[in-house]
Structures are given as structure tokens and as C-alpha cells.
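Spelled out, the chains give:
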Amino acid sequence: MKGLVKKAIEQMASLSLCTWLLAAICTVLFLGLYHVKGNEMALSSLGTMDLFEWLIRYETIYPGKLWWFASFVLFVFILSINTLFCTLRRIRPILATILKARETKGPFFKRLLIHGIHLSFLMITLGYFLSFTKSEIHPSIILTPNGPSHKIDEDTIISLMTLRKLFYKGHMEAMKGRIVGVDATLNIHRGKTDTRHVLRSDDALIIGNLIVSIRDFSKDPKRDWVKIYVRKDYGLWYYLSGSLAFVIISISFGGYGLMEKIGVGKTR
Amino acid sequence: MVCPITLQIAALLIAAGVVLSALACVQWPTALLFFLGALCMGLNIFETYIDHWPYTPMYMNSRLIVLFLGTLCPVLSLCGKWDSKAHGLTIGLTMLLFTSATLFFPKDYYMPNIRSASIWSHLYSLADPLGRAIFIASATDTVSGNTKSPLMELAFTFFAIAIFSGMLFSINGLGTPISFHQPEVIGFMFIWFLCLLISHAQWARFRPSLFKALNVSAALLTILVTIKFDLGVWRPLW
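Residues numbered from 1 in each chain as written. Chains lettered and ligands numbered in written order. Predicted model: local features only at pLDDT ≥ 70, side-chain atom pairs only at ≥ 80, totals over all residues. Heavy atoms only, no water.

K.L.:
So what's going on with the overall build of chain A? Residues and values would help.
P.N.:
For chain A, the helix and strand inventory stands at seven helices and eight strands. On C-alpha atoms alone, chain A measures out to a radius of gyration of 24 Å, which is more than a quarter above the 18 Å that the 2.2 N^0.38 rule sets for 268 residues. When its C-alpha atoms are laid out on the principal axes, chain A stretches across 70 × 50 × 50 Å. A total of 268 residues make up chain A; the buried ones form 46% of that total. Here chain A carries 35 positive and 20 negative side-chain charges, and the mean point of each set is 10 Å from the other. (Helix = DSSP H or I, 4+ residues; strand = E, 2+ residues; numbered from the N terminus. Rg over C-alpha atoms; globule rule 2.2 N^0.38 Å. Buried < 20%, exposed > 50% of the residue type's maximum accessible area, 1.4 Å probe, protein only. Lys, Arg positive; Asp, Glu negative; His and termini not counted. Charge placed at Lys NZ, Arg CZ, Asp CG, Glu CD.)

Here is the structure:
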């Protein structure tokens with residue numbers, strides 16, 4: 001029994017399983033490229049509902065059209081387990097060797113960076129999983145200046161104070177005179193405090209795990225309203241910190257590989 | 001309106017470089033011709049950026065890949081890694097394909113995306129094609145016999161920067177970390193997973209010929225997917 005478990009763990013951590021899973025993901029994404037057109041509405045509604053609910057609803061409405069996305073989610077899930085097992089199995093001996101030899105260079109250091117990339121990838125996938133399964137979403141809140149406020153949850157109430165329309169200032173003749181964005185001053189009541197924040201069309205507001213962004217606004221100079229999208233995202237800090245770590249470790253990994261090839265830092 | 005003359009000169013210079021590579025009688029002039037072609041493309045890109053500023057111009061991947069590949073040529077040449085026949089033909093033909101696609105099927109008839117005036121959008125639009133260009137060049141390296149190309153690690157790094165900046169661009173513009181309804185996003189994810197596949201296949205026990213075939217197929221698929229989204233209707237820019 002113990003041998004069987006050990007063999008299963010080794011299989012789950014294997015490089016060949018990872019390679020096959022990556023090949024499968026590439027295949028479903030390539031097929032998916034040709035299925036996105038015509039299914040944009042269904043796919044965009046992923047931003048407004050729970051992933052499992054979405055899978056059940058849309059797989060029944062459009063059977064055979066979104067199977068690639070369901071397969072993609074499944075393969076990424078198995079890939080995450082494979083990555084976790086791979087890192088858990090290999091990181092201990094690497095750390096032990098590095099600590100014993102007290103070296104911060106060489107092949108072991110490079111392998112450590114690879115597992116750092118694995119861990120940050122896992123943070124991103126965990127963050128996305130929480131984001132697409134646990135988030136509380138208010139997809140379409142229409143606010144008017146000094147109009148009624150909107151309750152997000154027990155603690156948070158949002159209202160619009162002022163709205164300033166922004167006109168196009170670039171070089172394109174066809175765009176001149178057009179309203180291209182808004183500066184919306186929001187009053188956010190959280191707990192017992194009121195704070196004012198300026199929200200722009202291309203700059204969302206992040207407060208704790210709350211993302212507030214502008215989805216639409218009135219292009220008519222005489223009318224003032226703004227449609228906002230609020231997402232209480234429980235995975236936000238996981239995927240943000242995961243992707244930041246992913247970038248930093250990847251830059252170190254790429255830079256280290258390049259220096260290794262050029263021969264910088266080599267001792268005789 | 002962006003002047004197409006820089007595109008036409010770029011196409012001619014790159015075509016001349018490809019012919020010289022095919023003859024394989026000269027070494028560095030081919031790299032120089034590709035670099036000059038890339039410079040002309042750079043001027044065209046600069047003009048497009050000025051035209052769209054502060055927004056990020058769209059469908060620029062093909063043009064930016066030509067710029068980055070052409071800039072890589074003299075670097076490889078100076079490092080003594082330039083193989084005129086292998087690099088010249090593969091990189092040159094890729095550059096010529098992208099330039100011709102832009103010249104004959106331009107996709108420059110759109111209104112700017114008003115959510116793309118952020119630093120994250122600009123960073124994403126540069127890091128993504130840079131990663132793609134280096135990924136394509138790494139396949140060329142593999143064809144020349146270097147199965148563990150450092151370019152692959154560099155491509156991975158730029159893709160990581162693109163993932164981070166793309167995520168922030170999406171959060172700021174749409175409020176979600178990723179939007180699956182945009183085919184361009186699925187295309188980027190496809191190329192990123194291809195890069196992951198090749199970098200893992202380097203360590204798996206593949207036969208060298210199989211690995212080479214896999215790497216070249218990945219580069220060809222990257223070119224195909226990039227061109228697919230940047231291709232407009234037949235409208236030669238004369």
C-alpha cells in the first residue's frame with residue numbers, strides 16, 4: 001500500500017505528466033481560439049457569475065461550444081496538482097544542498113528559482129480559483145451625482161458625489177470633441193468612516209479586496225450617470241502577490257540564465 | 001494617418017536580406033539589412049504611437065515582432081552566434097511574412113480603446129510581442145543545433161512581465177483579472193502555454209529530432225496566431 005502511494009505521488013510529480021498536460025492545454029486553447037467568436041456573451045458572463053454555476057448553465061445551453069473551456073479549467077487544475085507535487089518532492093533536497101554548501105550560485109540555485117516560479121504559479125491559480133468561485137459581484141450599479149447610494153454589503157455603501165467628463169485630447173481628427181472618459185468622485189462608507197476616491201475609466205479603485213471599476217458612462221453632455229462594476233474578490237491578493245513574485249523570480253531566472261551563458265560571475 | 005513608405009522600405013530591405021541569406025555568400029550584411037528594415041519598421045511604429053497617444057495602438061504585434069527580431073540580428077552577429085543560412089533564412093522569412101501581412105492586409109481602421117491609456121496597457125503591448133519575437137528566435141537557435149537556448153528563458157521572462165501587466169490592465173479597465181471573451185487573450189494564453197511546453201520539454205527525455213520538430217512547430221503556431229489577429233482585409237498600402 002505504501003509503495004502504491006509512493007508510486008502515485010511520483011506519477012503526480014512527474015515531468016512527463018506535466019508535458020502531456022501542457023500539450024493538452026495548448027490543444028484545447030488552440031481549438032478554443034476558433035470557438036470564441038459567437039460565444040463572447042457566454043464567456044464575458046464569467047465576469048458576473050460563479051465558475052461552477054457558469055459551467056453548468058452554459059454547458060447545457062450551448063453543448064459542444066464551450067467544452068474547450070471546461071477542459072481547459074480541468075487541465076489547469078490537474079497541472080496545479082502536478083506542480084505542487086513536483087515542488088514538494090524536489091525542493092527539500094535542493095534547499096538542503098544550498099544550505100549545506102552555503103552557495104547562492106550554480107545549478108542548485110537555478111533549480112530553486114524554478115520552484116519559486118512553480119510556487120508563484122500556484123498562488124496565481126489559487127487566486128483565480130477563489131476569484132472565479134467566491135467573489136461577490138455587483139455587475140451593474142448605475143449612479144448619478146448626489147443620487148441614491150448603493151449598498152455593497154453590511155459594511156460598505158457607495159455613492160457618487162461629482163462627475164467630470166473628459167474630452168479627447170489626442171491627434172486623431174475623428175475622435176476630436178468626443179467624451180472619452182470620466183472622473184467620478186465616489187463616497188465610500190466603510191464601517192464608521194467615509195472616504196472620497198476619484199475613479200477613472202482606465203483606473204480602478206482597489207480598497208481591501210474590493211475592486212470598483214467603471215463599465216460605462218453617459219456620452220451625452222447633458223446627462224450625468226456612470227455604471228460601475230464592483231467585485232469583492234477573495235482571490236485578489238493571492239493572484240496579485242503571486243504574479244508579482246512570478247515576475248520578480250522570472251526576471252532573476254532569465255537574467256541568471258543569460259549571465260550563465262555569457263560567462264559573467266564565473267570563477268576559475 | 002500613418003505614412004506607409006517606411007513599411008515599403010522595410011519590406012524591400014528585409015527581402016534583400018533574405019535573398020542574400022539564401023545565397024549564403026555573406027555574413028554580417030544580412031544582419032545589417034534586417035536591422036535597417038527593423039529601423040524603418042520602428043519609425044512606422046513610432047508614428048503610429050504618436051498618432052494614438054495617450055492610448056495604446058492595437059494590432060501591433062506583427063510590426064513589433066519585426067522590430068524586435070531585426071534588432072536581435074546584429075546582437076546575435078556581434079556575439080558570434082549568427083549563422084547566415086539558418087538565422088538569415090528563418091528570421092528573415094518570418095520578418096518578411098509579418099511585414100508583408102501588415103503591408104497588404106493592414107488592420108488600422110479602428111477607434112482607440114479608451115481604457116488603454118495606462119502604463120500597464122503600454123507595458124503589456126510591448127512585453128507580449130517581445131516575448132513572442134524571442135520565442136521565435138529561440139526556435140531558430142534550436143534549428144542551428146542549440147537545444148538549450150538561453151533565449152527561451154528570456155522569452156519566458158518577457159511573457160511573465162506581459163502576464164503581470166496584462167492582469168493589471170484588465171483589473172483597471174474591466175475590474176476582472178482576466179477576460180476570456182477576447183480571442184486575443186486566448187491567443188496570448190495559447191502562446192504562453194506553448195512556451196511552457198517547450199521549456200519543460202527541454203528537460204523531458206525527448207529525442208533531439210523530436211524536440212526540434214516540437215520547437216519549430218511551436219514557433220510556426222506562434223507566427224500563425226499572431227498573424228491571425230493582426231490581419232485586416234486586402235488593402236495594399238501603396
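K.L.:
How would you sum up the interface of chain A and chain B? Please name residues and give values.
P.N.:
Much of the literature gives interface size as the accessible area that the parts lose upon coming together. With 66 residues of chain A at the interface, the matching set in chain B holds 53 residues. Between chain A and chain B the total buried area reaches about 5,000 Å² when both faces are included, carbon and sulfur atoms providing 76% of it. Among the residues chain A hides against chain B, the three largest losses belong to Leu33, Met172 and Asp202 of chain A. Together they make up 12% of the total. Where chain A meets chain B, there are one salt bridge. For the salt bridge of lysine 110 of chain A with glutamate 153 of chain B, the shortest nitrogen-to-oxygen distance reads 3.0 Å. Put simply, chain A and chain B have eight residue pairs in polar contact (both at pLDDT 80 or more) between them. Going through the elements one at a time, helix 2 (15-33), helix 3 (40-44), helix 5 (67-101), helix 6 (107-134), strand 7 (210-217), strand 8 (226-232) and helix 7 (236-262) of chain A are the ones with two or more residues in the side of chain A that touches chain B. (Contact = heavy atoms within 4.5 Å. Buried area = accessible area lost by both parts, 1.4 Å probe. Salt bridge = Lys/Arg side-chain N within 4 Å of Asp/Glu carboxyl O. Polar contact = N/O pair within 3.5 Å; in protein donor to acceptor, adjacent residues only side chain to side chain.)

K.L.:
Report on the packing of aromatic side chains, specifying residues and quantitative values.
P.N.:
Residue and element names in this part refer to chain A. Evaluation of the coordinates by the stated rule reveals 26 aromatic pairs over all chains. Aromatic side chains tryptophan 54 and tyrosine 58 sit 5.5 Å apart centroid to centroid with 35 degrees between the ring planes, which places their arrangement in the tilted category. Separated by four residues within a single helix, tryptophan 54 and tyrosine 58 lie in helix 4 (residues 51-61), roughly one turn from each other. Given the relative accessible area of 13%, tyrosine 58 is considered buried. Taking the ring centre of phenylalanine 132 as reference, the NZ or CZ of arginine 231 above it sits at 5.2 Å. (Phe/Tyr/Trp six-rings, centres within 6.5 Å; stacked < 30°, edge-to-face > 60°. Lys NZ or Arg CZ within 6 Å of the ring centre and 35° of its normal.)

K.L.:
Quick one: what's the story with the environment of leucine 174 of chain B, residue by residue and with numbers?
P.N.:
The topology assignment puts leucine 174 of chain B in helix 6 (residues 150-174). A residue is classified by how much of its surface remains accessible, and leucine 174 of chain B, at 22% relative accessible area, is partly exposed. Distance from leucine 174 of chain B to leucine 13 of chain B, taken between C-alpha atoms, is 41 Å for residues 161 residues apart in sequence. Other than its neighbours up to four places away in sequence, leucine 174 of chain B contacts Ser213, Arg215 and Tyr229 of chain A together with Arg115, Ser179 and Gln182 of chain B.

K.L.:
Please provide a residue-by-residue account of the layout of surface pockets, values included.
P.N.:
Its volume calculated, the second largest pocket comes out at about 1,300 Å³. Surrounding the second largest pocket, 48 residues form its lining, Leu15 of chain A together with Ser199, His200, Trp203 and Ala204 of chain B being those nearest its centre. Mapped onto the lining of the second largest pocket, the elements with two or more residues apiece are helix 2, helix 5, helix 6 and helix 7 of chain A together with helix 6, helix 7 (183-201) and helix 8 (208-230) of chain B. Residue composition of the lining of the second largest pocket, grouped by class: 30 nonpolar, 12 polar and six charged. (1 Å grid on protein atoms, 1.4 Å probe; cavity = no way out; pocket = protein on both sides within 12 Å on 5 of 7 lines; lining within 4 Å. Points joined across faces, edges and corners; volume = space filled by probe spheres on them. Nonpolar A, V, L, I, M, F, W, Y, C, P; charged D, E, K, R; others polar.)

K.L.:
Before we move on, can you summarise the side chain of glutamate 153 of chain B with the specific residues and values?
P.N.:
Tracing the sequence through the fold places glutamate 153 of chain B in helix 6. A residue is classified by how much of its surface remains accessible, and glutamate 153 of chain B, at 11% relative accessible area, is buried. One polar contact links glutamate 153 of chain B to lysine 110 of chain A, side chain to side chain, over a distance of 3.0 Å.

K.L.:
Lay out the nonpolar core with the relevant residues and their values.
P.N.:
It is characteristic of soluble globular proteins that their nonpolar side chains tend to be buried jointly. Counting residues in hydrophobic clusters, the biggest one holds 108 residues, and the most contacted among them are Phe72 of chain A together with Phe180 and Phe193 of chain B. Residues contacting phenylalanine 193 of chain B, with those up to four places away along its chain left out, are Leu22, Ile25, Cys26, Leu29, Phe72, Val76 and Leu79 of chain A. Ile141, Leu160, Ala184 and Leu186 of chain A belong to the second-largest nonpolar core, a separate cluster that totals 21 residues. (Core = buried A, V, L, I, M, F, W, Y, C linked by side-chain atoms within 4.5 Å.)

K.L.:
Please provide a residue-by-residue account of the state of the cysteines, values included.
P.N.:
Applying the stated rule across the entire model yields zero disulfides over all chains. Just so you know, cysteine 86 of chain A is unpaired, no disulfide at all, and the nearest cysteine sulfur is the one on cysteine 18 of chain A, 7.2 Å from it. (Disulfide = S-S within 2.5 Å.)

K.L.:
Can you explain the confidence of the model for chain B? Please cite residues and give values.
P.N.:
Residues and elements named next belong to chain B. Residues of chain B with pLDDT of at least 70 account for 97%, and the chain-wide mean is 89. Predicted confidence in chain B is weakest over helix 4 (residues 84-104), with a mean pLDDT of 88, and strongest over helix 7, with 95. For this predicted complex, the interface confidence score (ipTM) comes to 0.93, while the overall pTM stands at 0.93. (pLDDT = per-residue confidence, 0-100.)

K.L.:
I'd love a proper account of the side chain of threonine 6 of chain B, names of residues and values included.
P.N.:
As for its placement among the helices and strands, threonine 6 of chain B is situated in helix 1 (residues 5-23). Relative accessible area serves as the criterion here: at 13%, threonine 6 of chain B is assigned to the buried category.

K.L.:
Could you give an account of the packing of helix 3 (residues 61-78) of chain B against helix 5 (residues 119-143) of chain B, naming the residues involved and the relevant values?
P.N.:
All names here are of chain B. Relative to each other, helix 3 and helix 5 sit at 55 degrees, their axes nearing to 8 Å. Between helix 3 and helix 5, the crossing angle belongs to the class labelled oblique. Between helix 3 and helix 5 lies a crossing of right-handed hand. Here Asn61, Leu64, Ile65, Phe68, Leu69 and Leu72 of helix 3 come into contact with helix 5, specifically with Ser125, Leu126, Asp128, Pro129, Leu130, Arg132, Ala133, Ile136 and Ala137. Here the residues of the contact of helix 3 with helix 5 sort into 11 nonpolar, two polar and two charged. (Axes fitted to C-alpha atoms, helices over the stretch in contact; angles between N-to-C directions. Parallel < 35°, antiparallel > 145°, perpendicular 65-115°, else oblique. Left-handed = near helix turned anticlockwise from the far one by under 90°.)

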